[in-house]
Each structure stands twice: as structure tokens, then as C-alpha cells.
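Remarks on the overall topology
Each chain, letter by letter, is given below.
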Amino acid sequence: SVLATQCTDLIFHRAKLKLQCPPRWRLLYLAAAKRLEKQLDVMREEMFAAAAVDDIETLKRLKSKIPPLLWKWWSYDLELVERASSRGRPLQLEMMPELKGAAF
């Protein structure tokens, strides 16, 4: 929801819209949000596959594309940190965030 809110703010700011937008702008926003969700799904799947086959270069590329908070959440949600530590993958562990604190 944080990412959706940021996307909404960005679209409204760039289009210089007010909160009361005509239906055509609403359709544009919904199409952009749907496209962003598909891109995020593809990146999440790529992240899981890259971690499974120990592809450090792909993980580095994805880490530069994915927002840091989302990177941390996906690392936790997909259990990539646990998998990398249990399989003894020090290069992968360097890429993954430390999962500690109240959020995790």
C-alpha cells in the first residue's frame, strides 16, 4: 500500500491533477497501477529464481531496481535470508538485508 500511495502521488503530481479527476484520468491511473503490479510480480519472481540458482549478478541488478523497503520485505517473505544462511552462501548474504527489529 505504501508503494501504491507513492505511485498515486507521483502520477497526480506529474499530470498536475487535483483529487477530483475526470474518468479518463482515472482509467489512466488504473492502467498504470496494473502495469506496475505486473512489473513488481516479475521482479519478485526473478528475485526468487536468482537466489535459487545463486545468480549474484541478477540479484545486484534487481537490488538497484527494487525500492529498499520492498527488497527487505521480499527477502523476509520469500525466506531468502534463511535459505542463504542455511546453504552457506556468503555472497548472497551480503546482498540480503539483516532481518531484525519489530517489523521482522
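The text that follows walks through the structure, step by step, so that each part is easy to find. (Residues numbered from 1 in each chain as written. Predicted model: local features only at pLDDT ≥ 70, side-chain atom pairs only at ≥ 80, totals over all residues. Heavy atoms only, no water.)

1. Considering helix α3 (residues 56-65)
The cut-off we apply is this: A 1.4 Å probe rolled over the protein chains alone gives each residue an accessible area, and that area as a share of the maximum for its type sets the label: buried under 20%, exposed over 50%, partly exposed in between. Each helix is a run of DSSP H or I of at least 4 residues and each strand a run of E of at least 2, with the numbering of both proceeding from the N terminus. This arc corresponds to the set of directions leading from the helix axis out to the C-beta atoms. Contact between two residues is taken to exist if any of their heavy atoms lie within 4.5 Å; hydrogens are not considered.
I56, T58, L59 and L62 are the residues of α3 that are buried. Down the axis of α3, the buried set is contained in an arc of 155°. They therefore lie on one face. Residues E57, S64 and K65 are exposed on α3 and point more than 90 degrees away from its buried face. Buried residues in α3 make contact with α2 (23-52), α4 (68-77) and α6 (90-95).

2. Notes on the environment of K65
Looking at the element boundaries, K65 is found in helix α3. Given the relative accessible area of 51%, K65 is considered exposed. Measuring from C-alpha to C-alpha, the distance between K65 and M43 comes to 8.8 Å, with 22 residues separating the pair along the chain.

3. Re the packing of aromatic side chains
Think of a pair of aromatic rings as described by two things: how far the centres are apart, and how the planes are tilted against each other in angle. Counted only if it meets this: Planes of paired rings set the category: under 30 degrees apart is stacked, over 60 is edge-to-face and the rest tilted, where pairs are Phe, Tyr or Trp rings (Trp by its six-membered ring) whose centres lie within 6.5 Å.
With the rule as written, the count across this model stands at 1 aromatic pair. Judged by centre distance (5.4 Å) and plane angle (45°), the rings of W73 and Y76 are tilted. Taken together, the residues span about one helical turn, with W73 and Y76 both in helix α4 at a distance of 3 residues.

4. Points about the nonpolar core
Let me state the cut-off plainly: By nonpolar core is meant a set of buried Ala, Val, Leu, Ile, Met, Phe, Trp, Tyr and Cys residues that side-chain atoms within 4.5 Å join together.
Counting residues in hydrophobic clusters, the biggest one holds 17 residues, and the most contacted among them are M47, L59, I66, W71 and W74. Mapped onto this core, the elements with two or more residues apiece are α2, α3, α4 and α5 (80-86). When neighbours within four sequence positions are excluded, I66 is seen to be in contact with M43, M47, W71 and W74.

5. Some points on α4
Every α-helical turn comprises 3.6 residues, leaving residues that sit three or four positions apart pointing alike. Taken together, the buried positions of α4 are L70, W71, W74 and S75. Taken around the axis of α4, the buried residues stretch over an arc of 135°, which confines them to a single face. Turned more than 90 degrees away from the buried face of α4 sit P68 and L69, all of them exposed. Positive phi shows up at E79, right after α4, with a value of about 60°.

6. A look at the packing of α2 against α4
Rules: For helices, the fitted line uses only the C-alpha atoms of the stretch in contact; every axis is such a line through C-alpha atoms, and the angle between N-to-C directions lies from 0 to 180 degrees. Just so you know how the angles are binned, under 35 degrees is roughly parallel, over 145 roughly antiparallel, 65 to 115 roughly perpendicular, and the rest oblique. Note on convention: the crossing is left-handed when the near helix lies turned anticlockwise from the far helix by less than a right angle, right-handed when the turn is clockwise. When residues are sorted by character, Ala, Val, Leu, Ile, Met, Phe, Trp, Tyr, Cys and Pro go into the nonpolar class, Asp, Glu, Lys and Arg into the charged class, and all the rest, Gly among them, into the polar class.
Put simply, α2 and α4 touch, their axes get as near as 11 Å, and they point 55° apart. With respect to α4, the element α2 is oriented oblique. Here α2 runs over α4; the crossing is right-handed. Contact residues: α2 offers L40, M43, R44 and M47, while α4 offers L70, W71, W74, S75 and D77. Classifying every residue of the contact of α2 with α4 by side-chain character gives 6 nonpolar, 1 polar and 2 charged.

7. Remarks on the environment of A49
Structurally, A49 is set in helix α2. Spatially, the C-alpha atom of A49 lies 9.5 Å from that of L59, the residues being 10 residues apart in sequence.

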